[in-house]
Structure formats: structure tokens, C-alpha cells
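# Inside the fold
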Amino acid sequence: MSGSDTTSRAAASAGEQIVLRVVDLVRDYERSDGLRLQAVSGVNLVVRRGETLGLVGESGCGKSSLGRAILQLPPPTSGAVFFEGQDLTKLDRGTLRRCRRHLQMVFQDPISSLNPRRRVGEIVAEPLRIWDAAPSEEIRRRVCEVLEIVGFSPEEVWDRKPHEFSGGQCQRISLARAVVLTPALLICDEPVSALDASVQAQILNLLQEMKTRYRLTMMFISHDLAVVKNVSDRVAVMYLGKIVETGPTELIYRRPRHHYTRALMDSILTVQSKLPEQEALAGELPSALDPPGGCRFRTRCPRCEAKCAQLEPPLADIEQGHAVACHFPIP
Amino acid sequence: MPAINIRGLSTHFRTPRGVVRAVQDVSFSVGAGRTLGIVGESGCGKSVLSRSILRLVPEPPGIRAGGEVLFEGRDLQRLDESALRDIRGSAIAMIFQDPMTSLNPVLTIGRQIGEVLERHLAYNRSKARTRAVELLETVGVQCGPKRLDEYPHQLSGGMRQRVTIAMALACRPRLLIADEPTTALDATVQMQILILLKRLQRETGMAMIFISHDLGAVASVADEIAVMYAGRIVEKAPRADLFESMRMPYTQALLRARPDLDAPPHMRLGALEGRPPDLARIPEGCAFAPRCSHADAHCRIGAPPLRADGGHSFACWKPIDHALPAEPVRANGDDGSPKP
Amino acid sequence: MRRFFWRLVSLLVIVAAVTVLTFAITEILPGDTAVAILGESATPDLIAALREELGLDRPLTVRYVEWLSKALSGDLGHSYRSNEAVSRMVLDRLPVTLELIVLSQILALVVAVPLGILAAYRVGSRLDRLITALSVGFLSTPPFLLGILLIYGISVHAGLLPAAGFKSLQDGWGANLRSMLLPSLTLALAECPVYLRLLRADMITTLQQDFVLVARAKGLEPHEILLRHALKLSSFSLVTVIGVNMGRLVGGSVIVETMFSLPGIGQMIATAAFQHDHFAIQGVILLVAVGFVLVNLLVDAIYTVLDPRVRHALRS
Amino acid sequence: MRSAASVLRPAQERRRAPALLWLRVHATPAPVLATAWLVLIVLAAIAAPWIGLRSPIDGDLMDTLTPPNADYWFGTDSLGRDIFSRSIYGARVSFFVATGSVSIGLLFGGALGLAAGYFSGVVDRIVMGAMTVVLCFPALILAIAIVSNLGPGLGNVTITIGFLFVPAFARIGRANTLVFREREFVLAAQALGAMVPRILLREILPNLMPALLSYALVMLSVAILAEAALGFLGLSVRPPEPSWGGMVASERGNLGEAPHAVFIPALLMFLSVLAINILGERARRWFDIKSQAL
């Protein structure tokens, strides 16, 4: 079976195949000094069954807050999150809790993702203990199966504690815990950022295998454009709490239309590229406490005009499935 | 004549688990105006190496286990503490990974830049302030004297790293050691800082040792690149040479592990299995052998010496032979086609 | 400004709660004040009469409001034993206790700060282990034992300083200091290890931070790194602890003043507790607690002025 | 799966040795001696009524202030009472008060801290506000006030000291809960839909225990010192029942002629507190907990 067929078929029959639809999501935080900042300000996006949506942006752009707000950890300040047709923000606690088994997350820090006081077997069995009243041999069998899939021999690791494993191995355990219930949506928040290059590749390959085996739908959050390109079918680029461009991966990477996306692409250093004389993007991310009016990127944009300061550009389709929030997109 | 010449440098640590050989028999030299890039994964000893040059490794538990660091005719390994302090921050300067923690949160940035000038150039306070403003301008931090009275937490990450660079360059060092200077920064800011470093290097003619885990960043600034694995340099070559005709299977594996931006999505990556060895228990023979697809019994017996082949040296018993038809780049047990 | 306002509100709430707790300890807890005063052999009639005389038969809330309004106007009631005004008694004794506390704070810091820095700088060395072991030893010694040892060694055996008795400033500086030296030394010896361990631990953490490595890479001298870079950062937590420790010292003064017969607040509390003089206790602990709240407020203010991180967080 | 077997290499050596080896691994005599001393004195204190001691209360007025000898191992006090017997009964008081009050503090303080840390907001503000109010009073003075009202006695002293320990344990519990609440494994449990009690008891509490328990060890010594201070002021157990602090206080007038009557109980207390502190120090280093102000 070829996985790419599944994804393209899924993409084709979009309508009823949407797993997640985020509508006008806003997430405010109150800082300890009493100031409010908006980490996510009005994000709309969809994730279709079987696809991987890559969410890319620099630190502080609100991508992690978005991921957690989707999981209602904590719930967004406003906006709606439709998961399999149900608005998670409107569910009562019990129903929301029952939805959670279908929505899983893998985090950045492999060490802190696992409770240091518990054993690997228990950690991976936890979801089944909470949700399946299966007999313990059945639970054990399923945990062993998933541990094998992520590359461990179950007998060897069952009674070990997380600190006996390396970062990459911990991330495998987290992944096993996340997929043991075969969730409908898996949100990966920078799952490989804390790992060395050689281990990153192991985990990325494993994610790909898991996706095929469990027919996972994924949202993959990362700041690393090369990694996002490797895992995603579609990409959404975030800047200061907003999505500035979204579209099929190949298209976005081949021909970015937003000036920010372009600058991000140009900032990637590879072994082939020589350091340019001029940086791709000057300045730094403005503070989310006081974002620029109009287009949020205008303070650093090479193409900025008066209109950009007055009017915020909407995220609009520039071609089929490719949307850009810019008054003057790159032709 | 090289700005710095390091020969057989070894730094070990005495720990309850045994002796950790963090840096083992490392040799290289860097000429004025040139940049040596050192690349390696976490725990390969590259940070200890950078600290060993100026003897910033605390002793104990650190042990100077041999070798020389020749700088302007003196061996820094044998210099007494106070003479070494005169060199630190003046002739040789360092910048570190995290600009957030590299600056003292309760001292103004003016004070922190100024104290270098006061220490090494015997400036008084007001002269130091004037000079600090100039320095900040050269690294791209404008706004004049009132910036000097700000504290690190009032600056952004990129600005902080610019301040640490200003601090490092205050006394016009002949050698700058940059230990992962852009790892904590975003891609766009990383590029700004790298361009700044290169510009300053051109202007001052200093030598630079640039350490990173990121092959791309190292490749973009270095003239020569050394690859470190398990405390040793395993391959060293001029930049272009290294990527075009690498001899060490480890270097190749590092390169293949990174997703290729030109490849389509869902391409299987050339993952290197296993993980780097524990530096307290480095295996016999070639330290990379247990993970190496080329390794045979011979590799597990004796450690390969660093052999030079022109300007290109490598420590491998079974180097990649570029005379043979090249393997498909994405092979690694895979057919190279996109995989779901 | 908004922040300052909320700070003030929370301060008032805390002070109010402090008065409630003070009142509650003596009035609500089981244990009848009248019985406590008259002893358990007293007849019910006698107890009832005393309860009426003291107003103990009225509802709690009424008594609390009355007590509080009197306290606010400076009337903390009268000692049941000596019939003196409690506020007068406290005011008379306050200078002695303050002198004791200030002297012992100074003595403790003079010893603890250099030793703490030294131990942190040479962490793991023989010197560090010696300093740490000594501090654990002193920490394990009850203050009264320290006092007794000092009396035994310096007064009884060597006859250098008086074992007890208080000379006020009117008797001259020398006499006053001579009478205060042993008591404040006793108190300081108990506090010193607390400061020392705190500073040592804090400095060790600070010295492991990157900016210290940077400072070394800049070629700074060890004393510059220790004093300018590390101590400045560590001093903020030290200031907090000095403030918090004021309470401990007032507690310690009870023992020390009793041992050395100093006419201070501590001795007053000990005597009042022993004699079940509840009004005196009530008055004293209210004053001490409110004073403690104010000291902490002061420390907070100092913190805000000194620590740039706090200062800017407030200003923005 | 190609990677299956090769990923798992022999696990990295554990950073800590198993708990039982603890004393042996750090081969210094101090913790061993400390443990031995505590075992000895606690056993003696528990067994006191059954090991044929002289009465700690009735003295022989013909034999006052005798120095230690074969008959009276620790000598007698000014009322001719056997100091050995009184010391052991005093140990009973000290250790009863210490374990009792620390248990109270640990139980209530730990629970309050856990709740305050996990349910931030109103719960946190109320709990920590109440704790702050208690902390506004110097501990010893508050203890004196409460005990003088409740009346002296073993139970009252234990409850009082335990009450005073609650805020400290609550603070430690809260601070650590805040740390672990932000850890991703807690988020992962929430994302799984685990119920709150499950998260509190299985994810967070086990991680709090090292900090709480090693703090409890330190507080044992603080409790012994506090009981001694109250005893010294005559506010612990009712005389003539013996307590270490009370023994020191009542005999300190005879310091010149019979120092043993003062120094022997003081020494026992010092050794016990020192032993606990040495073990506490080890435990803290063991669990890698930063020292906090006592």
C-alpha cells in the first residue's frame, strides 16, 4: 500500500474528510506583571484526514500556543476548534475528556515528557488503563506491540525508568504512548528540536512509519524548515500570532509568495550555500505585547507601503489551496 | 605563521564513573584572518575543547591530560594563571551559546563591556563608556549612551548576542572562539549574527574558531572544517573539499541525516542508528565502528590515526573511496523513492 | 501605580488577618483564660466572677471589635499581673531587643559572608568541607546550649564578661556593649550557619552560570568575579533572608533574654507565658507580627530598588 | 523495522546507585555513625518503660548532684533523680514531638501545597494567603502563645509545632508542584484525559516526595530544637516529667558545681539533632535539592 495515494485521495475529497477545523482562534496570556499579550490572534486552519500539516515559524510566533489551545490545554480565549465536527470549546468536561483519547500530543523536551518516577511499561500502558477496561494481559500485549514498533524489545525496557534512556529513545517512548490509542489527530510540538541530527533522522523516519501504519493525521509544529518540508503535505507559516501563508508543501517551498516565507527560506544555511553579504531579513520579531498595526510583518518587510500600515491583509487564496496574507505578494 | 597552533591537546574529567576522555589528542592550527569550523553532535567534546584552549575547564574535575596550545610563542597549557588572565578577553576572546545566560542579569551592559576595557586597557570609567558606545555601534546596536545603562533583560536575544560580541571584540583579539554562537537564535537572526561575525573578522583580521552542531552554519562561515566524534577530530579538510570528497563515513552520515531542501516531502532520511559512545567508555578501536556500515573486524581493534592526504586528513581504516562509483546519495538501505 | 495599590490592599488584608489570628490564639483556642489565671483549683464562682470582670462572657465578635479598636488607638490592654499598660511595657523593652537583634545580625553577617563566599569559591575543598561541617554543627546546637557554653567558658571559667544583667546606654557605651556581647554572640552563632549555608548554596549556583564563565573568559580577576558578578546577584536573596530572619531573631531573643536576664521583649513574652498573662501576650505578639510585616515590606521595597529585573518589571 | 534491535544499547549507567547502597557508596563514617546513634536512641526511647530504668520522677534526696559513676551512669540532678533515666524519658518526649509534628506538617502542608500549586487562582491565593499570615508571626513566639493558652503537655506541644510547620511544607509542596505541573508529562496526562486525582496522585505527588521527605528530615531536627526551647521555658511537658530542654533549664543554676546535669542532656540533644542534620544533608545531596532557608 502506498501512503502517498492515501494522502492525495484524502486531500481530494476534502469536504467531509476534515478532521480539525480551527476558526478565529485567539489565545491571550496574562503575564506575571499583569500585562496581556496575544500569542495567537485569530487563526483559521483545517487539517484533513490522513495528511500532515506542517506549522512553521520562529520562536515566539505562537505556534506552540496554538497547538496547546487546540488541545484545550488551556482552552483558547475565543474562537472555535471543531474536531470531528464537534466544537471542543463548547463541550462539557466529561465529553471533552472522552474526546481527548482521539487527540494526542508529542512534546519537544523528550526528558520532561516522561514522568521520571514511573517505568516505561506503565507510561505506555497509561492511556489504555485510562480508556480501555481490557484485561491486563491484553494491555500488556498491546503495549509490547507498540514498543516493538518504535524499536524497543519490550522485555528489556518494560521495567526501566526514563532517565536510563537517551533523548531519542525517550522521544520513541513518548511516541509509543501517543499512538497506543490510535488517535485521530496527533499534534507534534517540535518533536525533534532537542535532538542531534543523526537522532533527528531516526525519529523523523519513525514518524513517517507510524503515520503509515496507524493512518495518522498529524499537525507538525517546528521552527526548522528543512524538517517541516520532509514531513508535511501542507505547510502553514506563522508570524506573530497569525498565519501568513499556507499551501501544499512543494508549492510553498518552490515558490513562496509571502515576503516573510521567502525570507525564512533564504535564511536556511546548507552546506552548499555560501553566506550572503546581506541578511535575508533585518531586525527581530516585534513584541507580541504591542504588535504593529495593519500588516504585522510590515516593520521588517522589504515591500512595505502605506497601505500595509493601515489595512491588515486577509489570508486569501492566491491560487487553488494556496493562501497568502499580503497586499503585495511576490509574483 | 598561524595565530594558534594546538598539538595533541587532551582534556579529561575525573568522575565517579571513571575518567571521561572529553578531548583526546586534538591538533589543529588556525591562521590570522582564517576560520576553522568544528562540527559535532552533542557530547562529542567540542565545547570542552573550546574551553580547554583558555583553560576555562574547572580543575578538578578537569585534568589537563597533555598537549600544547601555542599562541604567539607561548604554551597556554603551561602558563601561570595571572599571565593567562591577561590573555583571556584581550588577545583571545570567546562568545558562547546562550546570550540570555552569558550576560549578568544585574549589571548594566555598559558595565559589562566596560570592565573588559578597564581590566585589559586600563581605561577609566568615562573613557570605557565612550568606547563601549562605539563598540555597540560596530555590532549594530544603535541608540547611543543610554543603551549602556540598560540591563540584559531589556534586550532581545539577537541584541544580547550582539552585546556579547561587542564585549569579546573590545580589546581587538587576535583569536575569537565562538562556541555555538547562533544555536539559541532563530534562523533569520542567526544569519544576521553570522554576517556580522564575518564582517568583523574581515575588518580586524582575527582568526576564528567556530563551533557548532549545525553543518550548514559551520559551512557558511568556515574556511576549513574539522569533524569531531567521541573527543577526537576524525576528519579535517578545507570547506569545499570536505563536502565534495569526504572520506569519513561519519561525516557522510551526518550530512545524510539532515533533510534535503531540494528533495520532495516524505523522503526517507539516512538515519545513523545508535548513539555516540559514552566518553567514559569509548570502545576499543575506532569509536565510530559500532555505528559504521563500512566497519569490519579490523576497525574494532586499533584506533585509526589521523592521516593526512594533502590538506585533507581523516581518521579511518576504511575511508570512502571517491574513485569508485558513488553510492546513490539517498541509498542507506532504501531505494531512494519517496516513501509515505 | 495599580500594582502599588494592590500591594497596599494585600498588606491591609494581611494585617487584618494577623489581628484575627492573634485574637483567635488567645480567645478561641480551648483553654479558659480565667482558669489559666486563677489556676485549676479555683471554684466555679470565682471563675465566673473573673470572666465577667474581664468581659469574657460577651460574644467573641463584640470583644474582637472592642479589642481591635482599642489596639488601633494604641491601647493594648493591661497586664493582668503587673497592671502596667502593655504598650508601655513593650516600648520600654523594645530598645534592648532591637539592640540585641541588630548586634547579632551584624556579627552573624560579618562571619557568614566571607566564609560563605570562600566556601563557594573553593567548593569541595578541605576548607569548604570544614566550613560546612562547622555550620552543620552550630545549626544542630540549641541556642540555649550555645549560651550556656559561652557563660560557662567566658564568664564562669575565664571571668571575662558578665554572665547576666543589663547595662543600658546611660551606663556608658563600654558597659552596655560588655553586657550585650555574650547575648548577641549567642544569637549570632545560631544565625550565622543559616546565612552561611544560604549564601554558599546561592553562590555555588551563581558561579556555575554562563556569565561567570564569560567573566572568566574576559580575563577578570577572581575577586572581581566573586564580588562584582556573583555576590551582587546572590545578595538579593540574602537581603530577603535577613528580613525573614528578623522573626527568627525575635523568637531567639526569648531564650537569650531569659538566659542573660535582659529586660527585653523576649523576656517579657517568656514571663507572660509562664504567668498566663494573656493580655500581655496578645499585645506583644500583635506588635511583633505587625512589625514583622512592615520589615518584610521594607525588604520588598529594597529589593525593588536594588534588583534591576524587579525594577523594570514594575515600571513597564 | 530495521532499527528495532539496534536502537536499544545497554542502558546508560544509572546516575545514582540503588537506595540501599546509599550508605556504603559514600564511604564516609559520618552518616553511618549518625544512623547508628539515631537507631540506638530511638530504640532506647521506645523501650524505656521496659528496660528496668530508675524512676525518672522520684529522686533520692540523699544523692543530689552526684557526678556520673557506676551506679548512676549519668549522675543525679539537684533533686537526686537519675539523669540517665530522665535523659531516656526525655528522648521519648523529643522524638514523639518531632515525628508527630513533622507528620502533621507534612500531611497538611503537603496536601495544601499540592492543591495550591495545581489549582492556581483562587485556591492558591486563599491557601497561600493563610500561610503568609501564619508566617507573619515569629514561630517560637507563636508557639509560646499557643502553648501557654492550650496549656503544656505532650499532645499540645506536638500539635502546636505541627501547626507551625504547615506553611513551610505548603510552600515547598507548592513550589515543586508548580515546577512539575508545567512539565510535559503532566500535560501529556491531561491530554490523555486523565482525571485530576490520577494526575495529582500518580504524576505529581511521587515527584514531590523527594523534596518533601528530605525537608521533613530537616524539620525533625528543627522540631527537636523547638521542643527543647519550649521545655527550656517550662512550656513543654509538665514538670516533673522530664524533657531535655527542661532538664537543662532546671539545672543551669548549678552549672558551676555540677556541669554534668546540664551538659549531658544538652549533649544528647546535640548529638541527635546533629545526626538528623547529617542524614538530611545527605538526603538533600542525594535528591539534588537546593538548600532552602530553614
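For every chain, the first residue of its written sequence is number 1, and the numbers climb from 1 along that sequence. Working convention: letters from A go to chains and numbers from 1 go to ligands, in the order in which they are written. Owing to the predicted nature of the model, reporting of local features is limited to residues with pLDDT of at least 70; listing and counting of side-chain atom pairs is limited to 80 or more, with chain, interface and lining totals taken over all residues. Working from all heavy atoms in the structure, the side-chain values ignore hydrogens and water.

## Overview of the overall build of chain A
Quick note on the threshold: Per the convention used, a helix needs a DSSP run of H or I reaching at least four residues, while a strand needs a run of E reaching at least two, with both numbered from the N terminus. Residues scored as positive are Lys and Arg, those scored as negative are Asp and Glu, and His as well as the terminal groups of each chain are ignored. By convention, the charge on Lys lies at NZ, on Arg at CZ, on Asp at CG and on Glu at CD.
A tally of helices and strands in chain A yields twelve helices and twelve strands. If one aligns the C-alpha atoms of chain A with their principal axes, the spans along those axes are about 70 × 50 × 45 Å. Treating the 42 positive side-chain charges of chain A as one cloud and the 40 negative ones as another, the clouds have centres 3 Å apart.

## With respect to the nonpolar core
Note the following rule: Nonpolar cores are built from buried Ala, Val, Leu, Ile, Met, Phe, Trp, Tyr and Cys residues. Side-chain atoms within 4.5 Å join them into one set. Three labels apply to residues, based on accessible area from a 1.4 Å probe with only protein chains included: buried if under 20% of the type maximum, exposed if over 50%, partly exposed otherwise in between. Should any heavy atoms of two residues lie within 4.5 Å, those residues are considered in contact.
Counting residues in each nonpolar core, the largest one holds 194 residues, and the members touching the most others are Leu186(A), Met210(A), Phe144(C), Ile144(D) and Trp244(D). Among the elements that take part in this core, helix α9 (residues 196-232) of chain D stands out by supplying 17 residues, more than any other. The contact partners of Trp244(D), leaving out residues within four places of it in the chain, are Ile41(D), Ser87(D), Gly90(D), Ala91(D), Ser94(D), Phe95(D), Ile224(D), Pro265(D), Leu268(D), Met269(D) and Ser272(D). Ile92(B), Met94(B), Val163(B) and Ala287(B) belong to the second largest nonpolar core, which has 116 residues in total.

## Focus: the domain arrangement of chain C
Residue and element names in this part refer to chain C. For the record, the criterion: The domain limits used here are those given by an automatic or database domain assignment. In this description, buried area is defined as the sum, over both parts, of the accessible area (probe of 1.4 Å) that is lost when the two are combined. Between Lys or Arg on one side and Asp or Glu on the other, a salt bridge is scored when a side-chain nitrogen of the former is within 4 Å of a carboxyl oxygen of the latter. N or O atoms closer than or at 3.5 Å make up a polar contact, with two conditions inside protein: a donor-capable atom paired with an acceptor-capable one, and, for residues adjacent in sequence, both atoms drawn from side chains. Under this grouping Gly is polar, as are all residues other than the nonpolar Ala, Val, Leu, Ile, Met, Phe, Trp, Tyr, Cys and Pro and the charged Asp, Glu, Lys and Arg.
Taken domain by domain, chain C comprises domain 1 (2-72) and domain 2 (88-315). One C-alpha centre belongs to domain 1, the other to domain 2, and the line joining them spans 32 Å. Tallying the contact residues gives 18 residues for domain 1 and twelve residues for domain 2. Interface area for domain 1 against domain 2, summed over the two sides, is near 1,400 Å², with a carbon-plus-sulfur share of 77%. Of all residues in domain 1, Leu 11, Thr 22 and Thr 26 bury the most surface against domain 2, accounting for 28% of the area lost on that side. The interface formed by domain 1 and domain 2 holds zero salt bridges in total. At the boundary of domain 1 and domain 2, one finds one residue pair in polar contact (both at pLDDT 80 or more). Mapped onto the side of domain 1 that touches domain 2, the elements with two or more residues apiece are α1 (2-27), α2 (33-38) and α4 (60-72). Counting residues per element, the side of domain 1 that touches domain 2 draws most heavily on α1, which supplies twelve residues. Taken together, the residues of the side of domain 1 that touches domain 2 break down into eleven nonpolar, four polar and three charged.

## Observations regarding the packing of aromatic side chains
Using the following cut-off: Only Phe, Tyr and Trp rings take part, Trp by its six-membered ring, and two of them pair if their centres are within 6.5 Å. Stacked means planes under 30 degrees apart, edge-to-face means over 60, and tilted covers everything else. Here, over-ring charges are defined by two tests on the NZ atom of lysine or the CZ atom of arginine: distance to the ring centre within 6 Å, and angle to the ring normal within 35 degrees.
Here the structure, examined in full by the defined rule, presents 18 aromatic pairs over all chains. Their ring planes at 75° and their centres at 5.8 Å tell us that Phe152(A) and Phe165(A) sit as a pair that is edge-to-face. Linking Phe152(A) in the loop between α5 (136-149) and α6 (154-157) with Phe165(A) in the loop between α6 and α7 (167-179), this pair joins segments that are 13 residues apart in sequence. For the pair formed by Phe152(A) and Phe165(A), the shared burial category is buried. The rings of Tyr239(A), Tyr260(A) and Phe297(A) are connected pair by pair, giving a single aromatic cluster. One cation-aromatic arrangement involves Lys127(B) over Tyr123(B); the distance from NZ or CZ to the ring centre is 4.4 Å.

## Describing the sheet that holds strand β2 (residues 36-48) of chain A
Two strands in a sheet stick together by hydrogen bonds in their backbones, pointing the same way (parallel) or opposite ways (antiparallel). Residue and element names in this part refer to chain A. This is how it is decided: When DSSP finds at least two bridges between two strands, those strands are taken to pair. Axes, fitted as lines to C-alpha atoms, cover a helix only where it is in contact. Angles between the N-to-C directions of the axes lie from 0 to 180 degrees.
Pairing is antiparallel in the open sheet, where four strands are placed in the order β2-β1-β4-β5. The open sheet has two free edges, formed respectively by β2 and β5 (86-87), since each of these has just one partner strand. Both strand β4 (residues 78-83) and β5 contribute to a ladder of two bridges, which runs antiparallel. Its bridge partner being in β5, Phe 82 is matched across the sheet by Asp 87. Against the sheet, helix α2 (residues 63-70) contacts β1 (18-30), β2 and β4, and its axis sits at roughly 115° relative to β1.

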